[in-house]
Amino acid sequence: MEKKMFCFQCEQTAGCTGCMGNAGVCGKTAETANLQDELTGALIGLASACTTNPKTEQTGRLLIEGLFTTVTNVNFNDETLCEMIRRVREEKERVAPGCASCAARCGSTDDYDIKKIWEAQEDIRSLKSLLLFGIRGMAAYAYHAMVLGYVSEEVNEFFYRALFVLAQDWDTEQLLPVVMETGKVNLTCMELLDRANTETYGTPVPVTVPLKVEKGPFIVITGHDLKDLKLLLEQTEGKGINIYTHGEMLPAHAYPELKKYPHLKGNYGTAWQNQQKEFADLPAPILFTTNCLMPVKESYADRVFTTEVVSYPGMVHIGEDKDFTPVIEKALELGGFAEDQEFTGINGGHEVTTGFGHGTVLSVADKIIDAVKSGEIRHFFLVGGCDGARAGRNYYTEFVKNTPKDTVVLTLACGKYRFNDLQLGTIAGLPRILDMGQCNDAYSAIKTAVALAEAFDCSVNELPLSMVLSWYEQKAVCILLTLLHLGIENIRLGPTLPAFLSQNVLNLLVEKYHIAPITTPEEDLKALLKE
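Values in this document were obtained by computation on a predicted structure and should not be read as measured data. (Residues numbered from 1 in each chain as written. Predicted model: local features only at pLDDT ≥ 70, side-chain atom pairs only at ≥ 80, totals over all residues. Heavy atoms only, no water.)

A. Representation of the overall build of the chain within the structure. Secondary structure summary: the chain contains 18 helices and 16 strands in total. Here the C-alpha radius of gyration of the chain, 23 Å, is about what a compact globule of 531 residues would show, namely 24 Å. Taken over the C-alpha atoms alone, the chain extends approximately 75 × 60 × 45 Å along its principal axes. For the chain, with 531 residues in total, the buried portion stands at 61%. Accessible area of the chain: about 20200 Å², with a carbon and sulfur share of 50%. Seen as two clouds, the 48 positive and the 69 negative side-chain charges of the chain have centres 1 Å apart. (Helix = DSSP H or I, 4+ residues; strand = E, 2+ residues; numbered from the N terminus. Rg over C-alpha atoms; globule rule 2.2 N^0.38 Å. Buried < 20%, exposed > 50% of the residue type's maximum accessible area, 1.4 Å probe, protein only. Areas by Shrake-Rupley, 256 points an atom, 1.4 Å probe, with all protein chains shown as cover. Lys, Arg positive; Asp, Glu negative; His and termini not counted. Charge placed at Lys NZ, Arg CZ, Asp CG, Glu CD.)

Dropping the structure here:
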């Protein structure tokens, strides 16, 4: 088969090796994939130009936007990708004026040919892919913090350095420390976003969220951007329109400054990969604020709206003015359901809970510690990460169903939809399933684990805690690198291992961190509980 593109950054990549045909498994065309590569090459050129030339706040913002744009399921629109490439090149010309027309050109600021990475020796390709995909994921978190006015110089400087390193002819010994540094810097980035969210919207509190959709006009908002939700709530207040979260937006219900709006009613649907079924013939508009967009089907194409860096051909895009009038008018036009509609989660539950971030969990740390010491709580499982469509992800449902009654399941990100509607009862006054939030709220899980380790005067690896993670896209990559930076061992990862890990790089992770693929729920539970 003629190679028309190459992409292996997501878990569902074709044949577990790479998408190379007319389109990727995610739905992006070969043309779109190649434009994303071209954009990445332009970003590397811009970062290289900034090594010897002054950069501005706008330069950093452009790097973050550009990297976020190349995350899986963000942008399917060739026009907006071309416009982003133009902006990056224009910024490079501003940073290094006349460089492109220099009579004695050195080529150090040229756009980088990303094919050099895809065609490199496999261990170099593997480490550079880990670095690239890691900073793409981290850029999403930096972007969400940035729109709330929170910026980290350490994080931004690392974006420049990492992009510069990608163009260098370095060996594995030189690349590996930079790859691992990605995990360290991402911890800073997640802390930044946690602070941005909590200082802006308050500390999350536990809340039960109904899955029922009430009659009348409504809007479904999906993605991760809490600021967009806040603006939508403000603009729909008093208009007789209800707002329902979807996917990774579910944890928004726990933030005091968002949950105070009475028309933020509940959650509709499950994880991102089910949207083509869940949105078909939906009598309401859907607003996409970040990644997790799938190719839009005709049955609901007239009611999809995008904003921020999300873009899809033919869909109405809400610009920087954040005037959601077109979304509101569409909601009123469609009218919603004539009667209340009862929906359920994957397992038949009618409600879910969220809001168990580090602020809530650590406020009752003394009770948790006493419960562990008394034997009431035997073990903690962190079961979370990205969901996806590949067969085998029901593993996570069965794993949680089979956890013993004296264990607690911490969860986060959209992988929780596999089991978050299960009723597993309570333990030590807490639900046995504790939803800590969005994928970036891995910071909450880390902060909780570190605090418990300090309380028990042990390392995190010595805690009665096991991590069973699912991955799909690049934000999962930067989180994994953060866990490895912290020295956390014995992580179970699935449903498949990343295609971009060479055998030598995988061997290193296995030998140093004892990372392992998932097997069966029964076998993994037995091994993790040392039964």
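What follows continues from the structure just given.
B. Local environment of the pattern of salt bridges. Applying the stated criterion across every chain yields a total of 28 salt bridges. Taking the shortest distance from any N to any O, the salt bridge between Lys184 and Glu154 comes out at 3.5 Å. Highlighted residues: Lys184 in helix α7 (residues 172–201) and Glu154 in helix α6 (residues 153–166), separated in sequence by 30 residues. Residue Lys184 is classed as partly exposed on the basis of its relative accessible area of 39%. Take Glu154: its relative accessible area is 35%, and that puts it in the partly exposed class. (Salt bridge = Lys/Arg side-chain N within 4 Å of Asp/Glu carboxyl O.)

C. Spatial organisation of the sheet that holds strand β13 (residues 433–435). Taken in spatial order, the six strands of this open sheet run β13-β10-β9-β14-β15-β16, and their pairing is parallel. Each edge of the open sheet carries a strand with a single partner, namely β13 and β16 (516–517). (Pairing = 2+ DSSP bridges.)

D. The layout of surface pockets, seen in detail. Here the largest pocket defines a volume of roughly 550 Å³. Around the largest pocket, the lining comprises 23 residues; the ones closest to its centre are Glu65, Arg87, Glu308, His317 and Glu320. For the lining of the largest pocket, the secondary-structure elements that each account for two or more residues are α2 (57–69), α3 (78–95), α5 (122–147), α8 (226–236) and β7 (316–318). By residue number, the principal contributor to the lining of the largest pocket is α3, which donates four residues. (1 Å grid on protein atoms, 1.4 Å probe; cavity = no way out; pocket = protein on both sides within 12 Å on 5 of 7 lines; lining within 4 Å. Points joined across faces, edges and corners; volume = space filled by probe spheres on them.)

E. Up close: the packing of aromatic side chains. Evaluated as defined, the whole model comprises 21 aromatic pairs. Plain terms: the ring middles of Trp118 and Phe133 are 6.3 Å apart, the flat faces sit at 35° to each other, and that makes the pair tilted. Taken together, the positions of Trp118 in helix α4 (residues 115–118) and Phe133 in helix α5 put the pair 15 residues apart, joining distant regions of the chain. By the burial criterion, Trp118 is buried, and Phe133 matches it. Consider the rings of Phe337 and Phe343, whose centres lie 6.0 Å apart with planes at 45°: the pair is tilted. (Phe/Tyr/Trp six-rings, centres within 6.5 Å; stacked < 30°, edge-to-face > 60°.)

F. Broad picture of the packing of α2 against α5. Their axes nearest at 8 Å, the elements α2 and α5 cross at an angle of 125°. Taken together, the axes of α2 and α5 are oblique relative to one another. The interaxial crossing formed by α2 with α5 has left-handed handedness. For the pair formed by α2 and α5, the contact residues are Arg61, Ile64, Glu65, Leu67 and Phe68 on the first element and Ile135, Arg136, Ala139, Ala140, Ala142, Tyr143, His144 and Met146 on the second. Its residues placed into classes, the contact of α2 with α5 shows nine nonpolar, one polar and three charged. (Axes fitted to C-alpha atoms, helices over the stretch in contact; angles between N-to-C directions. Parallel < 35°, antiparallel > 145°, perpendicular 65-115°, else oblique. Left-handed = near helix turned anticlockwise from the far one by under 90°. Contact = heavy atoms within 4.5 Å. Nonpolar A, V, L, I, M, F, W, Y, C, P; charged D, E, K, R; others polar.)

G. Inspection of the state of the cysteines at higher detail. Enumeration according to the criterion identifies zero disulfides in this entry. For Cys16, which is in no disulfide, the shortest distance to another cysteine sulfur is to Cys10 and amounts to 10.0 Å. Between Cys19, a free cysteine, and Cys10, which holds the nearest cysteine sulfur, the sulfur-to-sulfur gap is 6.1 Å. (Disulfide = S-S within 2.5 Å.)

H. Representation of the environment of Lys259 within the structure. Residue position: Lys259 is located in helix α9 (residues 256–259). Once the C-alpha coordinates of Lys259 and Ala96 are considered, the two residues, 163 residues apart in sequence, prove to be 47 Å apart. Apart from residues lying up to four places away in sequence, Lys259 is in contact with Val205, Val207, His253, Ala254 and Leu264.

I. Examining unusual backbone geometry more closely. Between Gly494 and Pro495 the backbone carries a cis peptide bond, its omega angle lying at 0°. With respect to the helices and strands, the residue Pro495 is situated in the loop between β15 (492–494) and α17 (503–513). Of note in the backbone geometry, Ala413 takes a positive phi value of approximately 65° without being a glycine. Note that Ala413 resides in the loop between β10 (407–411) and β11 (426–427).

J. Structural context of the sheet that holds strand β4 (residues 264–267). The strand order β4-β3-β2-β5-β6-β7 describes an open sheet built from six strands, whose pairing is parallel. Of all strands in the sheet, those with a lone pairing partner are β4 and β7, marking the two edges. Put simply, the sheet's adjacent strands are angled 30° from each other on average, direction ignored. Here three bridges tie strand β3 (residues 242–246) to β4, and the two strands are oriented parallel to one another. Residue pairing for β4: Tyr244 is matched across the bridge by Gly266. Taken strand by strand, α8 contacts β2 (218–222), β3, β4, β5 (286–288) and β6 (304–307), and its axis lies near 170° from that of β2. Sheet contacts for helix α11 (residues 325–334): β2, β6 and β7; angle to β2, the most-contacted strand, approximately 135°.

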